[in-house]
Amino acid sequence: GVWSDVAWAYTTANTNPSVQTLLAATDKAELAAAVGSSSIYDTFAQVVLSSLPIGVKISTKGCLSVGDGGHGDFIVEVASGTPDGYSRVLLANGNHAVLQPVNGAYFAKQFGLVADGVSDDTIPLQNLGAIDNKKIVFPSGKTSLVTAQITISGDNLTWWCDGEFRILSQPL
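Here the structure is a predicted model, which is why all the values come from computation and not from measurement.

Things to note about the nonpolar core
Right, so step 1: One finds Ile58, Phe111, Leu125, Leu128, Ile136 and Phe138 to be the most contacted residues of the largest nonpolar core, which totals 30 residues.
Right, so step 2: If you list the elements that add at least two residues to this core, you get α2 (44–48), β5 (72–77), β7 (96–99), α3 (122–130) and β14 (165–169).
Right, so step 3: With residues near it in sequence (within four places) discarded, Leu128 still touches Ala108, Phe111, Ile136, Phe138, Leu157 and Trp159.
Right, so step 4: Counting residues in each nonpolar core, the second largest holds five residues, with Val102, Phe107, Val137 and Trp160 among its members.

Shown next as structure tokens:
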């Protein structure tokens, strides 16, 4: 679908234990990234510039900045398929770093979403709308600002939020 000039909110009260476990896992992943890995990078940008061999496990402390909620774990693999820039990343040496899901899901902030209601989140939302076969969890109680049309073109893509996530648009 195509969204243009939208103020949108999706709200749900979720008591599903597996969803609660998924949300709790975000804090556990951050702790594991800070303590248990030998290849820890502050941000996603440092991963992209690296030349790591196949099989190395990487952890980041954030996507755009340390502590921004976009932390994640990657495994370096042989280049295959087309990199999407966030969940499958081309490294400087030609290998791919593949973002590992947490309980089967990825988090919107791992794709560069700021969701502060001020920063322009058009590009991260456009990127999220173009990926295939992913469940994306959006941060509850946050607002994203968009300044252009967002096209959702990914196959088998689920956007999910436990609470309210708003997308506000400025005039196009």
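Quick look at unusual backbone geometry
Right, so step 1: A positive phi angle, near 55 degrees, is found at Ala115, a position not held by glycine.
Right, so step 2: Position of Ala115 among the secondary structure elements: in the loop between β8 (106–107) and β9 (116–120).
Right, so step 3: If you check the backbone angles, Asn133 has positive phi at about 55 degrees while not being a glycine.
Right, so step 4: On the secondary structure map, Asn133 appears in the loop between α3 and β10 (134–137).
Right, so step 5: Judged by its relative accessible area of 53%, Asn133 falls in the exposed class.

Quick word on the pattern of salt bridges
Right, so step 1: This model, assessed by the stated rule, comprises two salt bridges.
Right, so step 2: When the shortest N-O distance is used, the salt bridge between Lys61 and Asp42 registers 3.6 Å. Here Lys61 is found in the loop between β4 (57–60) and β5, whereas its partner Asp42 is found in the loop between β3 (40–41) and α2, with 19 residues between them in sequence.
Right, so step 3: By relative accessible area, Lys61 is classed as partly exposed at 34%.
Right, so step 4: By relative accessible area, Asp42 is classed as partly exposed at 34%.
Right, so step 5: The closest approach of N and O atoms between Arg88 and Glu77, which form a salt bridge, is 3.5 Å. One end of the pair, Arg88, is in strand β6 (residues 88–90); the other, Glu77, is in strand β5, and eleven residues separate them in sequence.
Right, so step 6: Judged by its relative accessible area of 30%, Glu77 falls in the partly exposed class.

Some thoughts on α3
Right, so step 1: Thr122, Pro124, Leu125, Leu128 and Gly129 are the residues of α3 that are buried. Buried residues of α3, viewed axially, fall in a sector of 170 degrees; they line one side.
Right, so step 2: Of the surrounding elements, those touching the buried residues of α3 are β9, β10, β11 (142–146), β12 (150–151), β13 (157–160) and β14.

A word on the sheet that holds β8
Right, so step 1: Within the open sheet, the three strands sit side by side as β8-β10-β13. Their pairing is parallel. Bordering the open sheet on either side are β8 and β13, each of which pairs with just one other strand.
Right, so step 2: Those strands touched by α3 are β10 and β13, and its axis lies near 135 degrees from that of β13.

About the cut-offs
- Residues numbered from 1 in each chain as written.
- Predicted model: local features only at pLDDT ≥ 70, side-chain atom pairs only at ≥ 80, totals over all residues.
- Heavy atoms only, no water.
- Core = buried A, V, L, I, M, F, W, Y, C linked by side-chain atoms within 4.5 Å.
- Buried < 20%, exposed > 50% of the residue type's maximum accessible area, 1.4 Å probe, protein only.
- Helix = DSSP H or I, 4+ residues; strand = E, 2+ residues; numbered from the N terminus.
- Contact = heavy atoms within 4.5 Å.
- Salt bridge = Lys/Arg side-chain N within 4 Å of Asp/Glu carboxyl O.
- Arc of directions from axis to C-beta.
- Pairing = 2+ DSSP bridges.
- Axes fitted to C-alpha atoms, helices over the stretch in contact; angles between N-to-C directions.

None of this, on its own, says anything about what the molecule does.
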